[in-house]
Amino acid sequence: VLEILTLCGALALWMLARDPGPAAASIIILATACAMGLQSAVMLHLNASSTTYVTGVLAAFARDVATPRRPPSSPPRPAGKEGFVWLVYFAGAVG
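Residues numbered from 1 in each chain as written. Predicted model: local features only at pLDDT ≥ 70, side-chain atom pairs only at ≥ 80, totals over all residues. Heavy atoms only, no water.

When its secondary structure is counted, the protein shows four helices and zero strands. Going from the N terminus to the C terminus, the protein shows its helices and strands as α-α-α-α. By the burial criterion, 13% of the 95 residues in the protein qualify as buried. Of all intrachain contacts in the protein linking residues separated by at least 6 positions in sequence, the fraction that spans at least 24 positions is 38%. Looking at the protein as shown, the accessible area adds up to about 7300 Å², and 73% of this sits on carbon and sulfur atoms. (Helix = DSSP H or I, 4+ residues; strand = E, 2+ residues; numbered from the N terminus. Buried < 20%, exposed > 50% of the residue type's maximum accessible area, 1.4 Å probe, protein only. Contact = heavy atoms within 4.5 Å. Areas by Shrake-Rupley, 256 points an atom, 1.4 Å probe, with all protein chains shown as cover.)

Another point: helix α1 (residues 2-17). In this model α1 runs 22 Å from its N-terminal to its C-terminal C-alpha over 16 residues, within 8% of the 22 Å that 1.5 Å per residue would give. Note on α1: the residue one or two positions beyond its end, Arg-18, has a positive phi of about 60 degrees. (Expected span 1.5 Å × (residues − 1).)

In structure tokens:
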């Protein structure tokens, strides 16, 4: 509940500021960072999967999909692995 309130507060500040200056932007960044920290702390307390790992898998998948062409000398990055992991996450959420 505290995480969602923090994120809603950051969203409200963002919408009210329209073009936030450095001070407002810093507060918004701080609020969202605190919300992510709360989420990580709860997941650690529950001995559940790290949410930063899940986010990292999504970021790696997006990177691999966005940059399909690489120089021939670079090793291939298997975008299918991260895509499969997210397919499993989705199936678990739906099922």
